[in-house]
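Structure assessment
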Amino acid sequence: MDYYKQIFKRKSFHIFKNTDVLTDIEIRGIEDFIKTVKPLNAEIKTEICIVPEKETTCKRGGEYCILFYSELKGEYLRNIGYIGQQIDLYLASQNIGALWFGIGKPKSMELNGLGYVIMISIAKMPEDKFRKDMFKAKRKPLEEIWSGDTLGVAEIVRFTPSACNTQPWVVENAGNDLSVYRYKKPGKRGIMPADKVRYYNKIDMGIFLFMLETCLEHEGFNCQRILFEDMTDDSVEKTLIAKYTYQKDTGNKKTVDNL
């Protein structure tokens, strides 16, 4: 699966129009892919299922919704974001439109003892409805989210999707280390409900970490990753969530390993 290639194609479909019908083969393809996704933390139990959109409160014209359930412990939100972005990019490769839908609710808020986290609404879309020029998307200026050498990575990873386009990340590159922070400017939340900002921004950070690792691998870097607990509240502007020690690949397989 060439995740990097799909970064340039994927888009968020806020409303689905002129959709096609997903075939049984395509649904099985999604289910088979879900079995292959790599979690950020394999010790957190998760389950992912596909249901008709009409069985949820999401009314965006999608045909199905992918529901994410998890043990509600540790950095489960970040873990779901990391897993979900792999699925998001796979869907783009199959011409299946996707919408991360945070305010939707399924029929059941629990599955096999796991709590509901978030859903992605999906529908089969014509290929010409996907993004043609990613660089036209509205994102923060590069200097607001990245300091130090960009490594040829920052220019692409800045297009990571996030709830309400909040883009809650800052990366500092010092030497051979990247420090990744969840960033929240005190008092600023846009249109997001105040009590949901940290919830969705934690999911966003998982999405960002997967996108960052995908870009680093594409640019030929081997990395070792350290993850940190995100325990601060929204009164703190910058919360360190991960560090990556990197080096340019010399011919061996490019990897991201936990320290």
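Residues numbered from 1 in each chain as written. Predicted model: local features only at pLDDT ≥ 70, side-chain atom pairs only at ≥ 80, totals over all residues. Heavy atoms only, no water.

**What to know about the state of the cysteines**
Overall, the coordinates contain zero disulfides when judged by the stated rule. No disulfide involves Cys49; its sulfur sits 10 Å from that of Cys65, the nearest cysteine. Here Cys65 is not cross-linked by a disulfide; its sulfur's nearest cysteine counterpart is in Cys58, at 4.5 Å. (Disulfide = S-S within 2.5 Å.)

**Considerations on the pattern of salt bridges**
Inspection of the entire model under this criterion finds nine salt bridges. As a salt-bridge pair, Arg10 and Asp88 come within 2.9 Å of each other at their nearest N and O atoms. Note that Arg10 is positioned in the loop between α1 (3-7) and α2 (24-34) and Asp88 in helix α3 (residues 76-93), a separation of 78 residues in sequence. Taken as a pair, Arg10 and Asp88 share a single burial class, namely buried. Across the salt bridge formed by Glu71 and Lys73, the nearest N and O atoms sit 3.7 Å from each other. (Salt bridge = Lys/Arg side-chain N within 4 Å of Asp/Glu carboxyl O. Helix = DSSP H or I, 4+ residues; strand = E, 2+ residues; numbered from the N terminus. Buried < 20%, exposed > 50% of the residue type's maximum accessible area, 1.4 Å probe, protein only.)

**Some thoughts on the packing of aromatic side chains**
With the rule as written, the count across this model stands at 14 aromatic pairs. Ring plane angle 70 degrees and centroid distance 5.3 Å describe the contact between Tyr4 and Phe8, whose orientation is recorded as edge-to-face. On the basis of relative accessible area, Tyr4 is assigned to the buried category, the value being 13%. You can call Phe8 partly exposed: its relative accessible area is 28%. Ring-pair connections join several aromatic residues into one group, and the members of that group are Tyr3, Phe33, Tyr82, Tyr90 and Phe210. In this structure, Lys11 packs its charged tip against the face of Phe13, placed 5.1 Å from the ring centre. The ring of Tyr181 carries Lys238 above its face, with NZ or CZ at 4.5 Å from the centroid. (Phe/Tyr/Trp six-rings, centres within 6.5 Å; stacked < 30°, edge-to-face > 60°. Lys NZ or Arg CZ within 6 Å of the ring centre and 35° of its normal.)

**Some remarks on the pairing of strand β7 (residues 169-174)**
Pairing analysis gives two bridges linking strand β6 (residues 146-147) to β7, with the strands arranged parallel. Bridge assignment links Ser147 to a residue of β7, and that residue is Glu172. Here β7 runs beside strand β8 (residues 177-183); their pairing, made up of six bridges, is antiparallel. Across the sheet, Ala174 pairs through a bridge with Asp177, a residue of β8. Taking the residues between adjacent antiparallel strands as the criterion, β7 and β8 are bridged by two residues, where Gly175 takes a positive phi near 70 degrees. (Pairing = 2+ DSSP bridges.)

**Observations regarding the nonpolar core**
The nonpolar side chains of a soluble globular protein tend to be buried with one another. Core analysis: the biggest nonpolar cluster contains 63 residues, and Ile30, Leu91, Val180 and Leu212 have the highest contact counts within it. For this core, the element with the most residues is helix α6 (residues 197-218), which contributes twelve residues. When sequence neighbours within four positions are dropped, the list of residues in contact with Val180 reads Val170, Val171, Met205, Phe208, Leu209, Leu212, Thr239, Leu240, Ile241, Ala242 and Tyr244. Core analysis: the second largest hydrophobic core is formed by 16 residues, Phe16, Cys58, Ala92 and Phe130 among them. (Core = buried A, V, L, I, M, F, W, Y, C linked by side-chain atoms within 4.5 Å. Contact = heavy atoms within 4.5 Å.)

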